[in-house]
Amino acid sequence: MPTQARRILESELADERTGRSAAEESRAKAEADRGRLALLRDDLSAQLREQVELLMRKVIALKKSRDKLLAQMDRQSVELEQMSLDSQEVGGNHGVAMWGRASSGFAAMPGMDHLIFVATRMQIRMEAYPKWGDLVRLETYFAEDGRLTTRRDWRISNADTGEYLGAATSTWVTINAESRRLAKIPEAVKQRFLQLAPSPPRCAIPTSDTRRKLPEFVWPPQLTAPSQLGRRSDMDPNGHINNVAYLAWAMEVIPDHVYQQYQLSEVEMDFKAECTAGDQIECFGMPLTDCASSNGSTQQFLHLLRKGGSNTEVWRARTTWKPQKTMVAGFGN
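### Observations concerning the overall build of the protein chain
Then comes step 1: Counting its regular elements, the protein chain contains six helices and ten strands.
Then comes step 2: Here the protein chain holds 333 residues, and the buried ones make up 39% of them.
Then comes step 3: For the protein chain, the exposed surface amounts to about 19300 Å²; the carbon and sulfur share of it is 53%.

### Here we look at the pattern of salt bridges
Then comes step 1: Going through the model one piece at a time under the given rule, you end up with 16 salt bridges.
Then comes step 2: Note that aspartate 153 and arginine 151 form a salt bridge whose closest N and O atoms lie 2.7 Å from each other. Of the two residues, aspartate 153 and arginine 151, neither departs from the other in class, the shared state being buried.
Then comes step 3: A salt bridge links arginine 212 to glutamate 268; the shortest N-O distance between them is 3.3 Å.

### Focus: the nonpolar core
Then comes step 1: Of all hydrophobic cores here, the largest spans 39 residues; its most connected members are Tyr246 and Trp315.
Then comes step 2: Tryptophan 315 has contacts with Tyr246, Leu247, Ala250, Met269, Asp270, Phe271, Lys272, His303, Leu304 and Leu305, leaving out every residue within four places of it along the chain.
Then comes step 3: Counting residues in hydrophobic clusters, the runner-up holds five residues, among them Phe284, Met286, Leu302 and Leu304.

### Some thoughts on the environment of aspartate 234
Then comes step 1: Checked against the element boundaries, aspartate 234 lands in the loop between strand 6 (223-229) and helix 5 (243-250).
Then comes step 2: For the pair aspartate 234 and alanine 245, spaced eleven residues apart in sequence, the C-alpha separation works out to 6.3 Å.
Then comes step 3: Setting aside its immediate chain neighbours within four residues, aspartate 234 contacts Leu229, His240, Ile241, Asn242, Ala245 and Trp249.

### Description of the pairing of strand 4 (residues 164-176)
Then comes step 1: Most of strand 4 sits inside the fold, with ten of its 13 residues counted as buried.
Then comes step 2: Of the strand pairs in this sheet, strand 3 (residues 149-158) and strand 4 are connected by nine bridges, and their pairing is antiparallel. Opposite arginine 151, over in strand 4, you have threonine 171 as the bridge partner.
Then comes step 3: In this antiparallel pair of consecutive strands, strand 3 and strand 4, the connection spans five residues, and glycine 162 shows a positive phi of 80°.
Then comes step 4: For strand 4 and strand 5 (residues 182-183), the ladder comprises two bridges, and the chain directions are antiparallel.

### Concerning a negative patch on the surface
Then comes step 1: Negative charge collects at one region of the surface, where Asp42, Asp43, Glu50 and Glu53 lie side by side.
Then comes step 2: Residue position: aspartate 42 is located in helix 1 (residues 3-75).
Then comes step 3: Relative accessible area serves as the criterion here: at 45%, aspartate 42 is assigned to the partly exposed category.

### Quick word on helix 5
An α-helix turns once every 3.6 residues. As a result, residues three or four positions apart point the same way.
Then comes step 1: Counting buried positions over the eight residues of helix 5 gives seven, a clear majority of the element.
Then comes step 2: Buried residues of helix 5: Asn243, Val244, Ala245, Tyr246, Leu247, Trp249 and Ala250, and no others.
Then comes step 3: The opening residue of helix 5 is asparagine 242, an N-cap whose side-chain oxygen sits 2.9 Å from the backbone nitrogen of valine 244.

### Observations regarding the pairing of strand 3
Then comes step 1: Among the ten residues in strand 3, nine count as buried, and that is most of the element.
Then comes step 2: Across nine bridges, the pairing between strand 2 (residues 136-144) and strand 3 is antiparallel. Within strand 3, the position partnered with tyrosine 141 by the bridge is aspartate 153.
Then comes step 3: Here strand 2 folds back onto strand 3, and the loop between the two strands holds four residues, one of which, glycine 146, carries a positive phi near 110°.

### Some thoughts on the packing of aromatic side chains
Then comes step 1: Scanning the entire structure with this criterion turns up six aromatic pairs.
Then comes step 2: Measuring from ring centre to ring centre gives 5.1 Å for tryptophan 219 and phenylalanine 284, while their planes differ by 75°; the resulting arrangement is edge-to-face. Linking tryptophan 219 in the loop between helix 4 (207-210) and strand 6 with phenylalanine 284 in strand 8 (residues 280-287), this pair joins segments that are 65 residues apart in sequence.
Then comes step 3: With a relative accessible area of 41%, tryptophan 219 lands in the partly exposed category.
Then comes step 4: In this structure phenylalanine 284 comes out as buried when scored by relative accessible area, which is 11%.
Then comes step 5: Taken together, Tyr246, Trp249, Phe271 and Trp315 form an aromatic cluster joined through their ring pairs.
Then comes step 6: In this structure, arginine 202 packs its charged tip against the face of tyrosine 141, placed 5.3 Å from the ring centre.

### Remarks on helix 3 (residues 187-196)
Then comes step 1: Val189, Lys190 and Phe193 are the residues of helix 3 that are buried. The buried residues of helix 3 occupy an angular sector of 100° when projected down its axis, which confines them to one face. Residues of helix 3 that are exposed and point over 90 degrees away from its buried face: Ala188 and Gln195.

### Some thoughts on unusual backbone geometry
Then comes step 1: Cis geometry is adopted by the peptide bond preceding proline 200, which originates at serine 199 and carries an omega value of -5°.
Then comes step 2: Within the secondary structure, proline 200 is located in the loop between helix 3 and helix 4.
Then comes step 3: In this chain, tryptophan 219 is followed by proline 220 through a cis amide linkage whose omega measures 0°.
Then comes step 4: Relative to the helices and strands, proline 220 is located in the loop between helix 4 and strand 6.
Then comes step 5: At arginine 180, a position not held by glycine, the phi torsion is positive, near 60°.
Then comes step 6: Position of arginine 180 among the secondary structure elements: in the loop between strand 4 and strand 5.
Then comes step 7: In this structure, asparagine 311 takes a positive phi of about 60° despite not being glycine.
Then comes step 8: Following the sequence through the fold, asparagine 311 ends up in the loop between strand 9 (299-307) and strand 10 (313-323).
Then comes step 9: For asparagine 311, a relative accessible area of 48% translates into the label partly exposed.

What counts and what doesn't
- Residues numbered from 1 in each chain as written.
- Predicted model: local features only at pLDDT ≥ 70, side-chain atom pairs only at ≥ 80, totals over all residues.
- Heavy atoms only, no water.
- Helix = DSSP H or I, 4+ residues; strand = E, 2+ residues; numbered from the N terminus.
- Buried < 20%, exposed > 50% of the residue type's maximum accessible area, 1.4 Å probe, protein only.
- Areas by Shrake-Rupley, 256 points an atom, 1.4 Å probe, with all protein chains shown as cover.
- Salt bridge = Lys/Arg side-chain N within 4 Å of Asp/Glu carboxyl O.
- Core = buried A, V, L, I, M, F, W, Y, C linked by side-chain atoms within 4.5 Å.
- Contact = heavy atoms within 4.5 Å.
- Pairing = 2+ DSSP bridges.
- Patch = residues over 30% accessible without salt bridge, like charges linked within 9 Å, V, L, I, M, F, W, Y side chains within 5 Å.
- Lys, Arg positive; Asp, Glu negative; His and termini not counted.
- Charge placed at Lys NZ, Arg CZ, Asp CG, Glu CD.
- Polar contact = N/O pair within 3.5 Å; in protein donor to acceptor, adjacent residues only side chain to side chain.
- Phe/Tyr/Trp six-rings, centres within 6.5 Å; stacked < 30°, edge-to-face > 60°.
- Lys NZ or Arg CZ within 6 Å of the ring centre and 35° of its normal.
- Arc of directions from axis to C-beta.

Shown next, in the form of structure tokens:
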């Protein structure tokens with residue numbers, strides 16, 4: 001082949017190879033571009049999903065805050081713990097007014113010789129709660145309730161309208177403040193005591209309801225809460241943790257949706273052992289109804305408090321919860 005023709009052929013082959021190489025390079029570049037676009041699309045999709053999830057979490061948090069605020073605004077009423085404190089104050093004032101102030105103890109009567117009254121059981125039942133600013137009337141009276149026990153009852157009503165709001169009852173025994181053992185009320189004191197008691201006895205809550213035994217607690221517990229430490233500020237003048245502190249601790253096991261949407265309508269409390277400042281208290285709970293249901297039905301829980309380490313049961317209670325709007329005084333009127 002002539003030299004010139006060979007050169008022309010070689011040139012054409014070189015051009016063809018160059019063309020194929022450029023095409024392949026172009027295809028490779030296009031493929032790389034598509035890969036980068038896919039990665040970018042995936043990255044943007046992931047970022048968008050994260051932003052959407054973050055936004056949804058914020059919406060849910062805002063909804064919960066709104067619901068909580070609306071529940072607080074809607075409730076605007078006194079809680080059962082406050083009614084318990086008020087009842088204690090009224091009972092103490094009534095006792096001092098009836099038989100005078102003793103030097104041996106806050107819940108002692110003159111002539112008791114270091115004997116003090118200690119609650120063994122308490123029950124509070126609210127049909128409706130007064131709103132803040134309402135004037136409340138609390139009546140209290142007491143009676144003998146067996147050989148070693150006495151009973152104090154309270155009736156709660158709206159002082160302006162007379163509307164019945166609720167009632168409470170409690171059972172008491174006397175113990176020696178030094179030995180911490182049960183003791184009988186001196187006969188002379190007992191006779192004086194009975195002269196001041198209403199006749200016939202007034203039971204704010206029917207006796208058939210106040211004698212109901214609390215169920216046994218089933219282990220392991222279904223509901224738990226952080227341990228609580230008894231503080232000096234939780235103590236009553238007789239050196240015991242106040243029953244309102246027990247109630248507040250027990251509330252920690254209540255599921256959030258029940259605590260926010262329902263209101264405590266009744267509590268039945270059994271005091272099992274003494275508890276003082278410095279005691280570590282473990283809090284347990286057990287649903288007695290289907291607490292997962294949100295159909296507005298009444299909910300009940302069993303509570304147990306025990307001392308950490310010793311497993312000594314201190315307090316057991318049954319709480320009953322009703323939807324909030326049904327528990328406000330004047331609701332539906």
